[in-house]
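# Coordinate inspection notes
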Amino acid sequence: MMKALKLISMLLVCAVVFSLAAVNAFAVGVVDSVNVEKLLEPVIGWEPDYSFTTKESSGFEKATPGAGAIWWESEDGTAFKKMPTNYEDPADRPIFQYGYYYKFETELRVVGNNIWETKMKSVTVNGRNAAYSINGELLDLSIVFGPLDYEKVVANINLASITAPEAGKAPSYNFTFSGAEADFALPGPGCFWYESSDGGLTWKLLSNYDETVKFKDGCMYKFYTEATARAGYELSGQLAAYVDGSPAFVKTVQSTEAPNHRVAQISIFYGPLGTSAMSLMIVGDSNEISTYSANTITKASVIVMNTKEDTDVTWYECDGAGEMISGSPVGTGLEAFLPGIPSKDMMVPHYIKIVAQETSGSKRAASLIVPYMLLPAGFEEDPGKPVSVTLKGGVTDIVTSKADTSTYVEAEITEASGSCSVDWFRCDDAGNIDWANPIHHGYNMTLPGIDAKDAGKVFKYAVYAEDGRGGAFAGKVVFTYKLEKESSGTETANPADNTGDPSESPADGDTSTPSSGNETAAVGETDNPDATPAGADNATDAPATAKPANNGKSKISLPMLLLIILGSVMVVLLCALCVLIGVLLARKKNEK
């Protein structure tokens, strides 16, 4: 009998362990947050960034192969085209463009026994709400940026008062710096000096503020500093740097201290000092190469000085730090034919590195890095043609039917060389601009609502654009703005969208569906708060077929439920068996 009791006890323990193991094996974790971080957001002139991290380290993984992300491009914010990720020619690389919309999209998959919460607690990209949809173990995440403009972009950085190297003198660390919403990125002296004794092929950092360090005859020198954009701004992918008005060399990289931002590395080259060192000089009025015709091959020539031996000369494309973009030269010899520069790169420095080496004797070497630029005079068939300014859609008369309702307008700029300064002004009845009082800066603005008592009255405004070539290339358009009739509505919406008031009928063009959320519809979007948006919608939308959210932090799947029931039944049966055996033992003892 005792053996039977021991056996029953062991079975009871096994049943309990089995039940606990079953529950643990099929335990389900619920993932209710996805927060993408360290993604470089679109800025004019930059290529798409595919590197990002997620704040959560477990529960899900990237489901998209390769880089784990896809970028889409759209001119109107509705029809998106996939941007290429593989291309052989660097000239075909995709870059973010002014006025376009861009959608970042990635796919994530839950791992282990985890499942997605049907109504996610948080889905963000760099802290901004993103749209998502759930399909089984997959979550599709997307966020739209744009339209891109120059209002928050630093396009130019200027340095001045740098003391040029002179043999026998110590380096100077005093200089001036200015830039639109840019600042230093280096502590201490804010700059460094480098020395090269082989014509610029290799460089050695000089000690800062060391009185024994002097510039040497025959050596080349490089002045180096870094700049970054201030809070709320970003460096353009077509950033240009200047020293006393002359182009400097600039390379922009991702910041290690602020992963969502970039740092401009600015270099200026001097020398070699003295008259006896082997050196190179571009044939022309200045030590740079320029062209006035976009997409046209440019012929350039170089002179090798202070060499009496045969010399091999090779031309390379390089970045602002002098590093070759590819191993294939663009030319050899004292003359080279350089590739054309696209019109979108007007006034944006490209760089050419020319390397010369003696073929015998000491085999001395020298190098020269020169800016290679497309200048404005040859940008168009008519070099004097001003910037063309219109309102989106080509309208010049804006009419609203709702009193006290703001109206969104966009300016379209063409014939510009690159970055434009765009300002909005009020005008008098004759259309004269109040130049002293601009009311807004940027490519788009929201006109103030018109009071009902001013219905029918015509107000005049103007938008003025001036590109980097100066006032001679500026343009403007004057337009009217009036309230057609009085209305009691209070909708504030983009007139191209008409989704601001969910109670409106389709009679005024509103195709929106009533939403109980706080979503703000984007330009051109047919708003559906329960679907992945087609337009520039950064709201957190649940899929249309989403079930009501479960407020609990865990859920029980069917297999786990069956195992729990089975384990419980076994426990009950064993307990009943133990009770029965106990009763039988007690009865037998009484009989004795």
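The rules we used
In this convention, every chain numbers its residues from 1, walking through the sequence in written order. It should be noted that, the model being predicted, local features are given only for residues of pLDDT at least 70 and side-chain atom pairs only at 80 or more, the latter also being counted only at that level, while totals for whole chains, interfaces and linings use all residues. Side-chain numbers here rest on the full set of heavy atoms in the structure, without hydrogens or water. Going along the chain from the N terminus, every DSSP run of H or I of four or more residues is numbered as a helix, and every run of E of two or more is numbered as a strand. Exposed residues in this analysis have more than 50% of their type's maximum accessible area, buried residues have under 20%, and partly exposed residues fall in between, with area computed by a 1.4 Å probe over protein chains only. Note on contacts: a residue pair qualifies if any of its non-hydrogen atoms lie within 4.5 Å across the two residues. When DSSP finds two or more bridges between two strands, those strands count as paired. In this analysis, axes come from line fits to C-alpha atoms, helices being fitted only over the stretch in contact, and the angle between any two N-to-C directions falls in the range 0 to 180 degrees. By nonpolar core we mean a set of buried residues, namely Ala, Val, Leu, Ile, Met, Phe, Trp, Tyr and Cys, connected to one another through side-chain atoms within 4.5 Å. The term salt bridge refers to a pairing of a side-chain nitrogen on Lys or Arg with a carboxyl oxygen on Asp or Glu at a separation within 4 Å. Here a Phe, Tyr or Trp ring, Trp counted by its six-membered ring, pairs with any other such ring whose centre lies within 6.5 Å, and the pair is stacked when the planes are under 30 degrees apart, edge-to-face when over 60, and tilted otherwise. Any residue with relative accessible area above 30% and no salt bridge may belong to a patch, with like charges joined within 9 Å and the nonpolar Val, Leu, Ile, Met, Phe, Trp and Tyr side chains within 5 Å. Calculation of accessible area relied on Shrake-Rupley with a 1.4 Å probe; when residues are assessed, cover is drawn exclusively from the protein chains displayed. The predictor reports its confidence for every residue as pLDDT, a score running from 0 up to 100.

Per the secondary structure count, the protein includes two helices and 39 strands. Expressed as a percentage of the 592 residues in the protein, the buried residues total 42%. When contacts within the protein are restricted to residue pairs at least 6 apart in sequence, those whose partners lie at least 24 apart make up 67%.

Let us look at the sheet that holds strand 28 (residues 335–338). Spatially, the three strands line up as an open sheet ordered 23-25-28, and their pairing is antiparallel. Only two strands of the sheet have a single neighbouring strand rather than two, namely strand 23 (279–282) and strand 28. Strand after strand, the sheet turns through a mean of 30° between neighbouring axes, direction not considered. With four bridges joining them, strand 25 (residues 298–305) and strand 28 adopt antiparallel strand pairing.

This part covers the environment of Asn156. Residue position: Asn156 is located in strand 13 (residues 153–160). Relative accessible area serves as the criterion here: at 38%, Asn156 is assigned to the partly exposed category. Residues Asn156 and Val348 lie 192 residues apart in sequence; the distance between their C-alpha atoms is 9.8 Å.

With 35 residues, the main nonpolar core has Ile157, Leu159, Ile162, Trp193, Phe223 and Ile266 as its most contacted residues. Elements with a contribution of two residues or more to this core: strand 13, strand 18 (220–229), strand 19 (234–243), strand 21 (249–254) and strand 22 (262–270). The biggest single contributor to this core is strand 22, with five residues. Each residue touching Phe223, except ones within four places of it in the same chain, is listed here: Leu159, Ile162, Phe175, Cys191, Phe192, Trp193, Ile266, Ser267, Ile268 and Tyr270. Val31, Trp46, Ala69 and Val153 belong to the second-largest nonpolar core, a separate cluster that totals 31 residues.

What follows covers the pattern of salt bridges. Throughout the structure, instances matching the rule amount to 12 salt bridges. Residues Glu195 and Lys204 are paired through a salt bridge, measuring 3.7 Å at the closest nitrogen-oxygen approach. Relative accessible area serves as the criterion here: at 46%, Lys204 is assigned to the partly exposed category. The salt bridge partner of Arg364 is Glu358, with a shortest N-O separation of 3.0 Å. Residue classification places Arg364 among the partly exposed positions, given a relative accessible area of 33%. What makes Glu358 buried here is its relative accessible area of 3%.

What follows is about the packing of aromatic side chains. Under the counting rule described, the total for this entry stands at 20 aromatic pairs. Between Phe175 and Phe223, the aromatic rings sit 5.2 Å apart at their centres with planes inclined by 85°, giving edge-to-face as the arrangement. Of this pair, Phe175 sits in the loop between strand 13 and strand 14 (176–179) while Phe223 sits in strand 18, placing them 48 residues apart in sequence. A relative accessible area of 15% means that Phe175 is categorised as buried. Judged by relative accessible area, which is 0%, Phe223 ranks as buried. Note on Tyr461 and Tyr481: the rings are 6.2 Å apart at their centroids and 65° apart in plane angle, and the pair reads as edge-to-face. Taken as a pair, Tyr461 in strand 37 (residues 458–467) and Tyr481 in strand 38 (residues 474–483) lie far apart in primary sequence, 20 residues in all. Of the two residues, Tyr461 and Tyr481, both sit in the buried class.

Attention now goes to a nonpolar patch on the surface. Taken together, the side chains of Met281, Val283 and Ile303 make up a nonpolar region of the molecular surface, amounting to roughly 240 Å² of accessible area. Its location among the elements puts Ile303 in strand 25.

For the rest of this paragraph, the subject is the side chain of Thr314. Locating Thr314 in the fold gives a position in strand 26 (residues 311–318). In this structure Thr314 touches Pro329, Gly331, Thr332, Lys353, Ile354 and Val355, once residues within four positions along its chain are discounted.

Next up on the list: the sheet that holds strand 26. Taken in spatial order, the five strands of this open sheet run 24-30-29-26-27, and their pairing is mixed. Of all the strands in the sheet, just strand 24 (289–291) and strand 27 (331–332) have a single pairing partner and so form its edges. Note: strand 29 (residues 350–358) against strand 30 (residues 365–374), eight bridges, orientation antiparallel. Bridge pairing in strand 30 links Ala356 to Ala366.

Next up on the list: unusual backbone geometry. Residues Gly146 and Pro147 are joined by a peptide bond in cis, for which omega reads 0°. For Pro147, the location among the structural elements is in the loop between strand 12 (138–145) and strand 13. If you check the backbone angles, Asp404 has positive phi at about 55° while not being a glycine. Within the secondary structure layout, Asp404 lies in the loop between strand 32 (397–400) and strand 33 (407–414).

Quick look at the confidence of the model for the protein now. Here the protein averages 75 in pLDDT, and 72% of its residues register 70 or above. Segment residues 22–26: pLDDT under 50, and eight contacts once partners within four positions in sequence are set aside and those in other chains are kept. Per-residue pLDDT stays below 50 along residues 378–383; that stretch engages in 16 contacts with residues further than four places along the chain or on separate chains.

The next point concerns the pairing of strand 7 (residues 101–110). When you tally the buried positions in strand 7, you get seven out of 10 residues, the bulk of the element. Of the strand pairs in this sheet, strand 4 (residues 60–62) and strand 7 are connected by three bridges, and their pairing is antiparallel. Paired with Lys62 across the bridge in strand 7 is Leu108. One ladder, built from five bridges, connects strand 5 (residues 70–74) with strand 7; its direction is antiparallel. When the sheet's bridge partners are listed, Glu73 is paired in strand 7 with Tyr102.

As a further point, take the environment of Ser207. Relative to the helices and strands, Ser207 is located in the loop between strand 17 (204–205) and strand 18. Ser207 sits 36 residues away from Pro171 along the chain, and the two C-alpha atoms are 9.7 Å apart. Filtering out sequence-adjacent residues up to four positions away, Ser207 remains in contact with Tyr173 and Val213.

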